[in-house]
Amino acid sequence: MSGERKIPKAAVKPLAEYCQKLSGETGQAAAEIFREFLELMRKYSGYFFQKPWPEKLDKEFEPGTEDLEFIDASKDYSEERERFIVMCLRRNMSLEGFDAVGFEDDFNRYGRVACLGCVVPEAARVKELIKQVEESVKKNEEEVRQANPSWVAEVMNEYYKRPEVVRRNKMLLVELRLYEEIGLSAGKSCEVRNKYKCPYGEGSKELIENGQIAKFIWNVVWWYDLHWNPVLGYVPPASDRKWHHYGEPSIIDVTDYDDILKAIEDGRLNRIIEEQRMRNEEHKVN
């Protein structure tokens, strides 16, 4: 890198040390990692070296328009990941050196933000919750069948039979199915929660886009249930009471996945979305 297109001298040593750290974690040679970083800087030099290096790091602000446009110009997942790494490198270099901790913080933080929408982790959470509920109900059923069940078992047995509890437990199955079928999470797992570490690589885009749709539908269903189906002992606040429709004819069956899909097609879900919009507008909720 000749002329002005070079990294600050004070950044070389900490960057090399960081590459050594990565080598210990990945098994890849530190020199190879260092060379890959330099090659990415050179490949995207128009962005990386477009401004003079600051005296000190100033990371008060989030990535700006030019950073987002730089990443959005990617042709595929591989290039997007490269550009994201370059952005993180650039944000953590100054004439004082290279901030390895800041680089990792940016990579993890913004990589996680970029992953928002994917419901693979949510599906795993709901699946585990369903398992816990089913095990608890089964255990309770076994306890109440005993000759002298405890009062706790009897109380819990009545609790599990309450209409709103039965409904909410069935809704978990609907939520999971939305995530698996519309959100494409079926058969998938993820521990990293970072778009640029995604185990499904190029498929991350589709997972995010479809996951956003599944999550949106579920949020509408959840909101409808809250405002149309009463819960024993809950009285809506006076300021919100007109938006609760207890006792009115139902619009959708929140426990029936197929009815929810049909409601999308025949416009019933749009009625709920419009009601939600008007309520949020009145309460100045974004």
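Above this note sits the structure.
Figured I'd write up the structure that's included with this text. (Residues numbered from 1 in each chain as written. Predicted model: local features only at pLDDT ≥ 70, side-chain atom pairs only at ≥ 80, totals over all residues. Heavy atoms only, no water.)

Time to look at the overall build of the chain. Helices and strands together make up the secondary structure of the chain, namely 12 helices and 2 strands. Beginning at the N terminus, the succession of helices and strands in the chain can be written as α-α-α-α-α-β-β-α-α-α-α-α-α-α. For the chain, whose C-alpha radius of gyration is 26 Å, the value lies well above the compact-globule estimate of 19 Å for 286 residues. Across its three principal directions, the C-alpha atoms of the chain cover 80 × 50 × 35 Å. Put simply, the chain has 286 residues, and 40% of those count as buried. Counted over contacts in the chain with a minimum sequence separation of 6, partners at least 24 positions apart contribute 68%. Accessible area for the chain stands at about 17000 Å²; split by element, carbon and sulfur atoms hold 52% of it. A gap of 2 Å separates the mean positions of the 44 positive and 53 negative side-chain charges of the chain. (Helix = DSSP H or I, 4+ residues; strand = E, 2+ residues; numbered from the N terminus. Rg over C-alpha atoms; globule rule 2.2 N^0.38 Å. Buried < 20%, exposed > 50% of the residue type's maximum accessible area, 1.4 Å probe, protein only. Contact = heavy atoms within 4.5 Å. Areas by Shrake-Rupley, 256 points an atom, 1.4 Å probe, with all protein chains shown as cover. Lys, Arg positive; Asp, Glu negative; His and termini not counted. Charge placed at Lys NZ, Arg CZ, Asp CG, Glu CD.)

This paragraph deals with helix α2 (residues 30-43). Look at α2: 20 Å from first C-alpha to last across 14 residues, which is about the 20 Å you get at 1.5 Å a residue. Taken together, the buried positions of α2 are occupied by A30, I33, F34, F37, L40 and M41. Seen end-on, α2 carries its buried residues on one side only, within an arc spanning 125 degrees. Facing away from the buried surface of α2 by more than 90 degrees, the exposed residues are A31 and K43. Buried residues along α2 sit against α1 (9-26), α3 (45-48), α5 (77-91), β1 (93-94) and α6 (100-115). (Expected span 1.5 Å × (residues − 1). Arc of directions from axis to C-beta.)

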